[in-house]
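Chain by chain, the residues:
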Amino acid sequence: MSVSDDGSAEPDAERMRLLRAVADDLRGESSESQQLAALLYRVSDLYEESEETTPEEIYRNVRFILEVKARGGLGR
(Lines give C-alpha, C1' and ligand atoms only; values in the text may rest on other atoms or scores of the structure.)
Protein backbone atom coordinates (compact mmCIF):
# COMPACT_ATOMS: atom_id res chain seq x y z
CA MET A 1 0.00 0.00 0.00
CA SER A 2 1.27 3.40 -0.90
CA VAL A 3 0.71 6.02 1.79
CA SER A 4 1.00 9.76 1.29
CA ASP A 5 2.62 12.22 3.69
CA ASP A 6 -0.68 12.87 5.49
CA GLY A 7 -1.13 9.16 6.24
CA SER A 8 -3.85 8.50 3.67
CA ALA A 9 -3.57 5.66 1.16
CA GLU A 10 -3.22 6.35 -2.52
CA PRO A 11 -6.40 5.66 -4.54
CA ASP A 12 -6.49 2.13 -5.93
CA ALA A 13 -9.78 1.29 -7.61
CA GLU A 14 -8.90 -2.37 -8.13
CA ARG A 15 -8.01 -2.92 -4.47
CA MET A 16 -11.17 -1.08 -3.39
CA ARG A 17 -13.34 -3.26 -5.67
CA LEU A 18 -11.65 -6.44 -4.43
CA LEU A 19 -12.20 -5.57 -0.76
CA ARG A 20 -15.82 -4.68 -1.40
CA ALA A 21 -16.40 -7.87 -3.40
CA VAL A 22 -14.98 -9.94 -0.54
CA ALA A 23 -17.16 -8.00 1.90
CA ASP A 24 -20.23 -8.71 -0.23
CA ASP A 25 -19.33 -12.43 -0.33
CA LEU A 26 -18.86 -12.56 3.45
CA ARG A 27 -22.05 -10.71 4.31
CA GLY A 28 -24.56 -13.22 5.55
CA GLU A 29 -27.22 -13.78 8.14
CA SER A 30 -24.99 -13.87 11.22
CA SER A 31 -24.08 -10.68 13.01
CA GLU A 32 -20.41 -11.70 12.88
CA SER A 33 -20.39 -11.99 9.09
CA GLN A 34 -22.23 -8.69 8.76
CA GLN A 35 -19.74 -7.05 11.13
CA LEU A 36 -16.73 -8.41 9.26
CA ALA A 37 -18.21 -7.28 5.95
CA ALA A 38 -18.76 -3.79 7.37
CA LEU A 39 -15.17 -3.64 8.59
CA LEU A 40 -13.81 -4.68 5.20
CA TYR A 41 -16.03 -2.17 3.46
CA ARG A 42 -14.74 0.55 5.80
CA VAL A 43 -11.13 -0.42 5.07
CA SER A 44 -11.88 -0.26 1.34
CA ASP A 45 -12.64 3.45 1.82
CA LEU A 46 -8.87 3.97 2.06
CA TYR A 47 -8.63 3.21 -1.64
CA GLU A 48 -11.74 5.10 -2.82
CA GLU A 49 -10.67 8.19 -4.72
CA SER A 50 -13.62 10.27 -3.51
CA GLU A 51 -13.12 9.34 0.18
CA GLU A 52 -10.97 11.51 2.39
CA THR A 53 -10.01 9.21 5.23
CA THR A 54 -6.85 8.02 6.93
CA PRO A 55 -5.83 4.69 8.43
CA GLU A 56 -6.10 6.32 11.86
CA GLU A 57 -9.71 7.38 11.25
CA ILE A 58 -10.59 3.90 10.06
CA TYR A 59 -8.86 2.35 13.07
CA ARG A 60 -10.90 4.54 15.44
CA ASN A 61 -14.10 3.71 13.57
CA VAL A 62 -13.39 -0.03 13.60
CA ARG A 63 -12.49 0.10 17.29
CA PHE A 64 -15.80 1.81 18.00
CA ILE A 65 -17.69 -0.84 16.04
CA LEU A 66 -15.99 -3.59 18.04
CA GLU A 67 -16.69 -1.83 21.35
CA VAL A 68 -20.37 -1.45 20.48
CA LYS A 69 -20.51 -5.13 19.54
CA ALA A 70 -18.86 -6.10 22.84
CA ARG A 71 -21.43 -4.03 24.78
CA GLY A 72 -24.26 -5.72 22.96
CA GLY A 73 -25.36 -2.82 20.77
CA LEU A 74 -25.81 0.92 20.75
CA GLY A 75 -28.76 0.94 23.14
CA ARG A 76 -26.87 -0.54 26.08
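Residues numbered from 1 in each chain as written. Predicted model: local features only at pLDDT ≥ 70, side-chain atom pairs only at ≥ 80, totals over all residues. Heavy atoms only, no water.

> Can you break down the overall build of the chain residue by residue, with the values?
When helices and strands are counted, the chain shows three helices and zero strands. The linear arrangement of helices and strands in the chain, starting from the amino end, is α-α-α. Looking at the chain as a whole, 29% of its 76 residues are labelled buried. For the chain, the computed accessible surface area is about 5,300 Å², with 51% contributed by carbon and sulfur atoms. (Helix = DSSP H or I, 4+ residues; strand = E, 2+ residues; numbered from the N terminus. Buried < 20%, exposed > 50% of the residue type's maximum accessible area, 1.4 Å probe, protein only. Areas by Shrake-Rupley, 256 points an atom, 1.4 Å probe, with all protein chains shown as cover.)

> Provide a residue-level description of the nonpolar core, including the pertinent values.
Core analysis: the biggest nonpolar cluster contains eight residues, these being Ala 9, Met 16, Leu 19, Leu 39, Leu 46, Tyr 47, Ile 58 and Val 62. The set of elements that each furnish at least two residues to this core consists of helix 1 (13-26) and helix 3 (55-71). Those residues within four positions of Met 16 in sequence are excluded, and the remaining contacts are Ser 44, Tyr 47 and Glu 48. (Core = buried A, V, L, I, M, F, W, Y, C linked by side-chain atoms within 4.5 Å. Contact = heavy atoms within 4.5 Å.)

> Tell me about helix 3, and name the residues and values.
Here helix 3 contains 17 residues, and its C-alpha end-to-end distance of 24 Å stays within 8% of the 24 Å for a straight helix at 1.5 Å per residue. Those residues of helix 3 lying buried are Ile 58, Val 62 and Val 68. All buried residues of helix 3 lie within an arc of 120° about the axis, which places them on one face of the element. Looking at helix 3, the residues exposed on the side facing more than 90 degrees away from the buried face are Glu 56, Tyr 59 and Ala 70. Lining the buried residues of helix 3 we find helix 2 (31-44). Directly after helix 3, the chain includes Gly 72, whose backbone phi takes a positive value near 95°. (Expected span 1.5 Å × (residues − 1). Arc of directions from axis to C-beta.)

> With reference to specific residues and values, describe the packing of helix 1 against helix 2.
Where helix 1 contacts helix 2, the axes come no closer than 8 Å and their chain directions differ by 170°. With respect to helix 2, the axis of helix 1 lies roughly antiparallel. Note on element contacts: helix 2 touches helix 1 through Ser 33, Leu 36, Ala 37, Leu 40, Tyr 41, Val 43 and Ser 44, opposite Met 16, Leu 19, Arg 20, Val 22, Ala 23 and Leu 26. The residue makeup of the contact of helix 1 with helix 2, split by class, is ten nonpolar, two polar and one charged. (Axes fitted to C-alpha atoms, helices over the stretch in contact; angles between N-to-C directions. Parallel < 35°, antiparallel > 145°, perpendicular 65-115°, else oblique. Nonpolar A, V, L, I, M, F, W, Y, C, P; charged D, E, K, R; others polar.)

> Give me the side chain of Glu 48: which residues, what numbers.
Among the secondary structure elements, Glu 48 is positioned in the loop between helix 2 and helix 3. A polar contact of 3.2 Å, which involves the side chain of Glu 48, links it to the side chain of Ser 50. Beyond its immediate stretch of four places on either side in the chain, Glu 48 contacts Met 16 and Arg 20. (Polar contact = N/O pair within 3.5 Å; in protein donor to acceptor, adjacent residues only side chain to side chain.)

> Residues and numbers for the pattern of salt bridges, please.
Under the counting rule described, the total for this entry stands at eight salt bridges. If you follow the salt bridges from partner to partner, you end up with Arg 20, Arg 42, Asp 45 and Glu 48 in one network. (Salt bridge = Lys/Arg side-chain N within 4 Å of Asp/Glu carboxyl O.)

> Give a detailed account of helix 2, specifying residues and quantitative values.
Between its first and last C-alpha, helix 2 extends 20 Å over 14 residues, near the 20 Å set by a 1.5 Å rise per residue. In this structure, the buried residues of helix 2 make contact with helix 1 and helix 3.

The values are spatial; any link to function lies outside them.
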